[in-house]
Amino acid sequence: STNELGPSDLDTRPPEMKRSTMFAWVRRCPKCGYCASNSGRARPRAQVIVSGKEYQDQLNDPAYPELAKSFLCRGILDRESGDYAAAAWAFLCAAWDCDDAGQSEQAIACRRKAVDMLAEAKRKGQQDAAGQDGTATAILVDLLRRAGRRDEARNVIAERRSGISDDVVLRVLDFQAVLLERGDVAAHTVAEALGEKA
């Protein structure tokens, strides 16, 4: 069990103490390298995917922290199983671990993978847990902003803002617009967006 003390980041990354439990969100088999939230039950075609070049290259890539590699490999399995929303979350978790390790280029690469998976999930009609009333849009904007894709983030705000009624999400998008104007690619919290003291 854990708790959360403080505001979440704009991309939903939880505060401490929950933030420090990330190591338990993904498991890696020490023998074959299979990565999943539940390593006791393999996905269909898992053996083929795990033994494939993309998976093995990612698993052994020295440029990424170990936990990030586990999340990235889990994301590959999710993607190849057709669960694009789950893949997006796995890639986002990998980005958080890269942030913690001070590896900004790798974090950007992970966020770009997450963006691609969110787009694919939308094309396939998959709803994720953050799909309600603009929350998914707010997360996508943050991913794009932090990945340095300012024009795309602005376009998402312009295209989707009018269809969102939730006041909190609208305030977050307005805050994102200010950050985009400044060229700010740092992490920020929901409390900052709402003008609250952390």
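Everything here concerns the structure above.
The next point concerns the overall build of the protein chain. A count of helices and strands for the protein chain gives 9 helices and 2 strands. Put simply, the protein chain runs from its N terminus to its C terminus through helices and strands in the order β-β-α-α-α-α-α-α-α-α-α. A compact globule built from 198 residues would reach a C-alpha radius of gyration of about 16 Å, and the protein chain, at 17 Å, matches this within 12%. Counting only residues that meet the buried cut, the protein chain has 45% of its 198 residues in that class. Long-range pairs, those at least 24 residues apart, make up 57% of the contacts in the protein chain with a sequence separation of at least 6. Only carbon and sulfur atoms are counted for the fraction: they give 50% of the accessible area of the protein chain, which is about 10300 Å². Here the protein chain contributes 29 positive and 30 negative side-chain charges, whose respective centroids are spaced 4 Å apart.

This next bit is on the nonpolar core. In terms of nonpolar packing, the biggest core is built from 54 residues, with Tyr55, Leu77, Cys110, Leu143 and Leu173 touching the most fellow members. The element contributing the most residues to this core is helix H4 (residues 84–100), with 11 residues. The contact partners of Leu77, leaving out residues within four places of it in the chain, are Tyr34, Cys35, Arg43, Ala46, Ile49, Val50 and Tyr55.

Before going further, it helps to spend a moment on H4. Along its 17 residues, H4 runs 25 Å from first to last C-alpha, staying within 8% of the 24 Å computed at 1.5 Å per residue. In terms of residue burial, H4 counts as a mostly covered element, since 14 of its 17 residues are buried. Taken from the residues just after H4, Gly102 is the one with a positive phi, measuring 70°.

On inspection of all chains with the given rule, the structure shows 18 salt bridges. Here Glu66 ties to Arg28 by a salt bridge, and the two come within 3.1 Å at their closest N and O atoms. Residue Glu66 is found in helix H3 (residues 66–80), and its partner Arg28 is found in strand E1 (residues 27–28); the two are separated by 38 residues along the sequence. Residue class for Glu66 comes out partly exposed when judged on its relative accessible area of 46%.

A word on the packing of helix H6 (residues 135–146) against helix H7 (residues 150–160). Relative orientation of the contacting elements H6 and H7 amounts to 160°, with a least axis distance of 8 Å. Accordingly, the angle class assigned to the pair H6 and H7 is roughly antiparallel. The chirality of how H6 crosses H7 is left-handed. Where H6 approaches H7, its residues Thr137, Leu140, Val141, Leu144 and Arg145 are matched on the opposing element by Glu152, Ala153, Val156, Ile157 and Arg160.

Another point: the packing of aromatic side chains. According to the stated counting rule, one finds 1 aromatic pair in the structure shown. When the ring centre of Phe91 is taken as origin, the NZ or CZ atom of Lys113, which lies over that ring, is 5.9 Å away.

Another aspect to go through is the side chain of Thr137. Checked against the element boundaries, Thr137 lands in helix H6. The class for Thr137 is buried, based on a relative accessible area of 7%. The residues touching Thr137, leaving out its near neighbours within four places in the chain, are Val156, Arg160, Ile164 and Leu173.

Checked against the element boundaries, Ala177 lands in helix H8 (residues 167–182). On a C-alpha basis, the gap between Ala177 and Val26 in space is 33 Å, while along the polypeptide they are 151 residues apart.

Once that is clear, we can look at H7. Of all the residues in H7, the buried ones are Ala153, Val156 and Ile157. Buried residues of H7 fall within an arc of 95° about the axis and therefore sit on the same side. Of the residues in H7, the exposed ones pointing more than 90 degrees away from the buried face are Asp151, Ala158 and Glu159. On its buried side, H7 packs onto H6 and H8.

About the cut-offs
- Residues numbered from 1 in each chain as written.
- Predicted model: local features only at pLDDT ≥ 70, side-chain atom pairs only at ≥ 80, totals over all residues.
- Heavy atoms only, no water.
- Helix = DSSP H or I, 4+ residues; strand = E, 2+ residues; numbered from the N terminus.
- Rg over C-alpha atoms; globule rule 2.2 N^0.38 Å.
- Buried < 20%, exposed > 50% of the residue type's maximum accessible area, 1.4 Å probe, protein only.
- Contact = heavy atoms within 4.5 Å.
- Areas by Shrake-Rupley, 256 points an atom, 1.4 Å probe, with all protein chains shown as cover.
- Lys, Arg positive; Asp, Glu negative; His and termini not counted.
- Charge placed at Lys NZ, Arg CZ, Asp CG, Glu CD.
- Core = buried A, V, L, I, M, F, W, Y, C linked by side-chain atoms within 4.5 Å.
- Expected span 1.5 Å × (residues − 1).
- Salt bridge = Lys/Arg side-chain N within 4 Å of Asp/Glu carboxyl O.
- Axes fitted to C-alpha atoms, helices over the stretch in contact; angles between N-to-C directions.
- Parallel < 35°, antiparallel > 145°, perpendicular 65-115°, else oblique.
- Left-handed = near helix turned anticlockwise from the far one by under 90°.
- Phe/Tyr/Trp six-rings, centres within 6.5 Å; stacked < 30°, edge-to-face > 60°.
- Lys NZ or Arg CZ within 6 Å of the ring centre and 35° of its normal.
- Arc of directions from axis to C-beta.

Honestly, it's all geometry; don't read function into it.
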